[in-house]
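# Overview (structure and organization)
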Amino acid sequence: MTVAERQTDTAVLHVGGMYRASESSVVEAVLSRRPGVVSVEGNPTAQTATVVFDPATTSVGELRRWVEECGYHCAGRSVPGHICDPLMEHGDPPAPHDRAGVERADEAHGHGGHAGMSMDAMERDMRNRFLVALVFTIPTVIWSPVGETLFGSMPGIPFGLDMELWQFLLSLPIVFYASSIFFTGALAALRARTLDMMVLVAVAIGVGWLYSVAATFLIEGEVFYEAAAMLASFVLLGHWFEMRARGGANDAIRALLDLAPPRAVVLRDGDAVEVPTAEVQVGDLLLIRPGAKVAVDAEVVEGESEVDESTVTGESLPVSKRPGDRLVGATINKNGTLRARAIAVGSDTALAQIVQLVQEAQNSKAPGQRLADRAAFWLVLVALVGGALTFSIWYFVVGRDVQEALLFAITVVVITCPDALGLATPTAIMVGSGLGARRGILFKHALGLETAAKLDTVVLDKTGTLTRGEPEVVAITAADHLGEDEVLRLVAGAEAESEHPLAQAIVNAAKERGLELPRAGSFEAVPGQGAIATVEERRLAIGNQRLLDREGVSLDGLAARADELAGEGRTTVRIAIDGRPAGVIAIADAPRDTAAAAIAALKELGVRPVMLSGDSRATAERIARELGIDEVIAEVLPADKAAKVSQLQAGGRSVAMVGDGVNDAPALAQADVGIAIGTGTDVAVETADVVLMRSDPLDVATAITISRGTVRKMRQNLAWAIGYNSLALPLAAGALEPLGLVLRPEVGAISMSGSSVIVALNAVSLKRLHLPDDPSATTTDP
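Residues numbered from 1 in each chain as written. Predicted model: local features only at pLDDT ≥ 70, side-chain atom pairs only at ≥ 80, totals over all residues. Heavy atoms only, no water.

## With respect to the sheet that holds strand β11 (residues 332-333)
Across the sheet, 3 strands lie side by side as β9-β8-β11; this open sheet has antiparallel pairing. What marks the edges here is a single partner per strand, and that holds for β9 (319-321) and β11. One ladder, built from 2 bridges, connects strand β8 (residues 305-308) with β11; its direction is antiparallel. Residue pairing for β11: Asp308 is matched across the bridge by Ile332. (Pairing = 2+ DSSP bridges. Helix = DSSP H or I, 4+ residues; strand = E, 2+ residues; numbered from the N terminus.)

Now the structure itself:
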């Protein structure tokens, strides 16, 4: 049995210290060669990696050690700050020599934060390295021929030192502290048998500095410490700016990681005890006061309140909760005090699973990114070979001196850096999936996010997707001598004790109107026809036409209205009171409040909505007319739903399927993109590519809008990165030198870093994307 055939686990690991986009290739290359590892996808923006592995062969502890062997920090799984990582509790402590690792592991166990926050520390570290480099680069430039040219003179050299020796001393902090990350990163890449951006920068700075050192102490020649110093400073500055931009791409996942409260109030022996959320166990009784956050997933056992679930599901209106209702961790109790029994804790909570879904989506790679990653590897090789050829041509063929030839070669190596290419799609995917998560839309992988942009047809299952999936009263027609409320009140009183769905719909309608229900004196069910009841000493016949025929009652003028309602696909309940026709109540599975707006939004996007239903054509077409759907596929057996989707695909359409039930799972899998309603079954959610947490059909159009915006950013970034590298290489090699246009290494560093910053900022601008039903949005096409 192969590893892929065995039961596998997926872990989203913290990988701290990936300063550059291309460094994820090091972790991917090393871990993918380890036993038991099925696949690895790194994300330097989030400082994480998604690893699929065989738990019978390896463990999270071994994965962590392998990551640290690459030269990066790893605190185990990247999880919400309050969650204890169970796989690190059993024999997987941090390396004993790594004090910081112990602290990070504690954080991952729920004692003070989460690993994902290390991006802030990395940004501060990069800023400090840049400032140190700047402080020593300024005097290095002042006491150099460049400074003499700029300022017209050179100040006296301190301590009477030789100028080359003074520049050498000034360069030491720049090389051995500020630039050390480039050399350690290059060493890690070479050990992993791969090439990345760190190799290029290390070669560029190292060659320039080593040649200058040799010219200072061993050989005759001019030094250019100032070129190496300015190169390091500008690269570090670019990295710092890029990290700030990349940090904006990670805002959504940080917000998710920080949602749950660090502490919870648990009732023990009748006393309220405050404990860390990580210590809450399944079965604990929680006390949730007004204004407090729900610590873990729980079931209400006492009290009533409204709960704000917007932080997790995106639902803007508070949801009423009473005994028996489920509470989702990290939501906010608004007014009443609740007592609730914990039913899911730690990594089993809805929040933890949402975080993992979003992280896996952000770490997954779109097909375009896989191609870009391969291109980046070869571009590094091209840069190194191109630098060597550039030096050879200028030195051996053209006959320039060593210093000038080296400057051309170093500029080629620096300016051809593929970092922008490596950032092109991950940053866009980070922002796009994060934007979706804020709206309760979970893209489970990058392929689904990318494919959704191409959709031209959306098939929506009627029941539970476009409709609420439960019957409700939609029309009441009363006889002239009775009012609607009177008929409804008496019928609801008769049906109050019944558990039949239609009876419950009538009772609910009466309660919504604020009617006080009388108690039935007697009740007799008539199989297949309805019921006979006595309410307030009045005899009610409630059911279908056969029941009224048995009772010898004719609907008279109400018959036409009953037939009209039935012809529209509604279920009609016919009522007689004391032997006289009293009214008709129409019951149907009513559309969701936003269903019509969802269809309009899809049409505005140029997407063709199709309704799929197992109901009769009359019922399906009635709902379709109400919602504005032109294409209806009715009377479909559950087993045939996937076949209907396949038929649409055979006609050349790119199809999404939206559903919520077990019988929708095959169709969700068949579609180009499967979209599951969040309240649906586990099978539907697991099969789908996208999950709508709010169960709002309007979010289908929102998901497509986010997908199209994300793909647009990916294409813009890839076009910029490819175009930049295509133009930069010949320019840096001196192709325009006869025209007097020559780039120095430090200018190349500015250009390279600026390119990466532009790509990152362009991705972050996706946050301004206008979404359906988003009143705060002001920009339509960032």
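## Digging into the packing of helix α7 (residues 180-191) against helix α8 (residues 197-217)
At their nearest, the axes of α7 and α8 sit 8 Å apart, and the two run at 125° to each other. The pairing of α7 with α8 is recorded here as oblique in orientation. Every pair of crossing elements has a handedness; the one defined by α7 and α8 is left-handed. Only Met198, Val199, Val201, Ala202, Ile205 and Gly206 of α8 make contact with α7, whose side of the interface consists of Ile181, Phe182, Phe183, Gly185, Ala186 and Ala189. (Axes fitted to C-alpha atoms, helices over the stretch in contact; angles between N-to-C directions. Parallel < 35°, antiparallel > 145°, perpendicular 65-115°, else oblique. Left-handed = near helix turned anticlockwise from the far one by under 90°. Contact = heavy atoms within 4.5 Å.)

## Thoughts on the packing of aromatic side chains
The full count for this structure, using the stated rule, is 9 aromatic pairs. Summarising the aromatic geometry, the rings of Phe168 and Trp209 are spaced 6.1 Å apart at their centres and angled 20° between planes, so their arrangement reads as stacked. Residue Phe168 is located in helix α6 (residues 163-178), and its partner Trp209 is located in helix α8; the two are separated by 41 residues in the primary sequence. Of the two residues, Phe168 and Trp209, neither departs from the other in class, the shared state being buried. Taking the centre distance of 5.6 Å and the plane angle of 85° together, the rings of Phe176 and Trp209 count as edge-to-face. Taken together, the residues Phe176 in helix α6 and Trp209 in helix α8 connect sequence positions 33 residues apart. Take Phe176: its relative accessible area is 56%, and that puts it in the exposed class. (Phe/Tyr/Trp six-rings, centres within 6.5 Å; stacked < 30°, edge-to-face > 60°. Buried < 20%, exposed > 50% of the residue type's maximum accessible area, 1.4 Å probe, protein only.)

## Focus on the nonpolar core
Grouped together as the largest cluster of nonpolar side chains are 57 residues, with contacts concentrated most on Leu13, Leu31, Val51, Leu63, Tyr72, Phe182 and Leu236. The element that contributes the greatest number of residues to this core is α8, accounting for 9 residues. The contact partners of Leu236, leaving out residues within four places of it in the chain, are Met126, Arg129, Phe130, Ala133, Ala178, Ile181 and Phe182. Counting 45 residues, the second-largest nonpolar core is a separate cluster that includes Val658, Ile675, Ala703 and Leu766. (Core = buried A, V, L, I, M, F, W, Y, C linked by side-chain atoms within 4.5 Å.)

## Here's the deal with the packing of α8 against helix α14 (residues 402-415)
Interaxial distance between α8 and α14 falls to 8 Å at its minimum, and their mutual angle equals 165°. Compared by their axis directions, α8 and α14 come out roughly antiparallel. As α8 packs across α14, the resulting crossing turns out to be left-handed. Here α8 contributes Leu200, Ala204, Val207, Gly208 and Tyr211 to the contact with α14, which in turn contributes Val402, Gln403, Leu406, Ile410, Val413 and Val414. By residue class, the composition of the contact of α8 with α14 is 9 nonpolar, 2 polar and no charged. (Nonpolar A, V, L, I, M, F, W, Y, C, P; charged D, E, K, R; others polar.)

## Digging into unusual backbone geometry
The backbone of Asp269 sits at a positive phi, close to 55°, despite the residue not being glycine. Within the secondary structure layout, Asp269 lies in the loop between β4 (263-268) and β5 (271-276). Of note, the phi angle at Glu635 is positive, near 55°, even though the residue is not glycine. Along the chain, the position of Glu635 falls in the loop between β22 (631-633) and α24 (641-650).

## Looking at a nonpolar patch on the surface
A surface patch of nonpolar side chains, amounting to about 890 Å² of accessible area, comprises Trp378, Leu381, Val385, Leu389, Ile393, Tyr395, Phe396, Val397 and Val398. Mapped onto the elements of the fold, Phe396 is located in helix α13 (residues 367-397). (Patch = residues over 30% accessible without salt bridge, like charges linked within 9 Å, V, L, I, M, F, W, Y side chains within 5 Å. Areas by Shrake-Rupley, 256 points an atom, 1.4 Å probe, with all protein chains shown as cover. Salt bridge = Lys/Arg side-chain N within 4 Å of Asp/Glu carboxyl O.)

## Description of the sheet that holds strand β24 (residues 673-677)
Across the sheet, 7 strands lie side by side as β13-β25-β24-β23-β14-β21-β22; this open sheet has mixed pairing. For this open sheet the edge positions go to β13 (441-443) and β22, each flanked by a neighbour on one side alone. Averaged over all pairs of adjacent strands, the angle between strand axes in this sheet comes to 20°, irrespective of strand direction. Here strand β23 (residues 655-659) pairs with β24 via 4 bridges, running parallel. Bridged to Gly659 within β24 is Ala676. Strand contacts of helix α27 (residues 698-732): β13, β14 (457-461), β23, β24 and β25 (690-692), with the helix running at about 45° to β13, the strand carrying the most contacts.

## Some words on the environment of Ala478
Inspection of the secondary structure puts Ala478 in strand β15 (residues 467-478). It is 8.8 Å that separates the C-alpha atoms of Ala478 and Pro581, two residues lying 103 residues apart in sequence. Excluding residues within four positions of it along the chain, Ala478 makes contact with Gly483, Glu484, Val487, Leu558, Ala582 and Gly583.

## Details of the side chain of Ser654
Examined against the element boundaries, Ser654 turns out to sit in the loop between α24 and β23. When residues no more than four places from it in sequence are discounted, the contact partners of Ser654 are Lys454, Leu455, Asp456, Thr457 and Asp672.

## Some points on the confidence of the model for the protein chain
Here the protein chain averages 78 in pLDDT, while 80% of its residues score no lower than 70. Scored below 50 in pLDDT, residues 85-117 makes 64 contacts in the model with residues more than four places away or belonging to other chains. This stretch, residues 774-782, has a pLDDT under 50; its non-local contacts, to residues over four places away or in other chains, come to 17 contacts. (pLDDT = per-residue confidence, 0-100.)

## Overview of the side chain of Lys321
Topologically, Lys321 is positioned in strand β9. Polar contacts involving the side chain of Lys321 include one to the main-chain carbonyl oxygen of Arg326, which spans 2.8 Å. Contact partners of Lys321, with chain neighbours within four places excluded, come to Val300, Gly303, Glu304, Ser305, Val307, Glu309, Arg326 and Leu327. (Polar contact = N/O pair within 3.5 Å; in protein donor to acceptor, adjacent residues only side chain to side chain.)

## Overview of the environment of Glu304
Its place among the elements puts Glu304 in the loop between β7 (297-302) and β8. When its relative accessible area of 54% is taken as the criterion, Glu304 is described as exposed. Each residue touching Glu304, except ones within four places of it in the same chain, is listed here: Lys321, Arg322, Pro323, Gly336, Thr337 and Leu338.

## A short note on α24
Regarding α24, the residues found buried are Lys641, Ala642, Val645, Leu648 and Gln649. Angular distribution of buried residues about the axis of α24 spans 120°; they occupy a single face of the element. Of the exposed residues in α24, those oriented more than 90 degrees away from the buried face are Gln647 and Ala650. Structurally, α24 contributes buried residues whose contacts are with β14, β21 (608-612), β22, β23 and α25 (665-670). (Arc of directions from axis to C-beta.)

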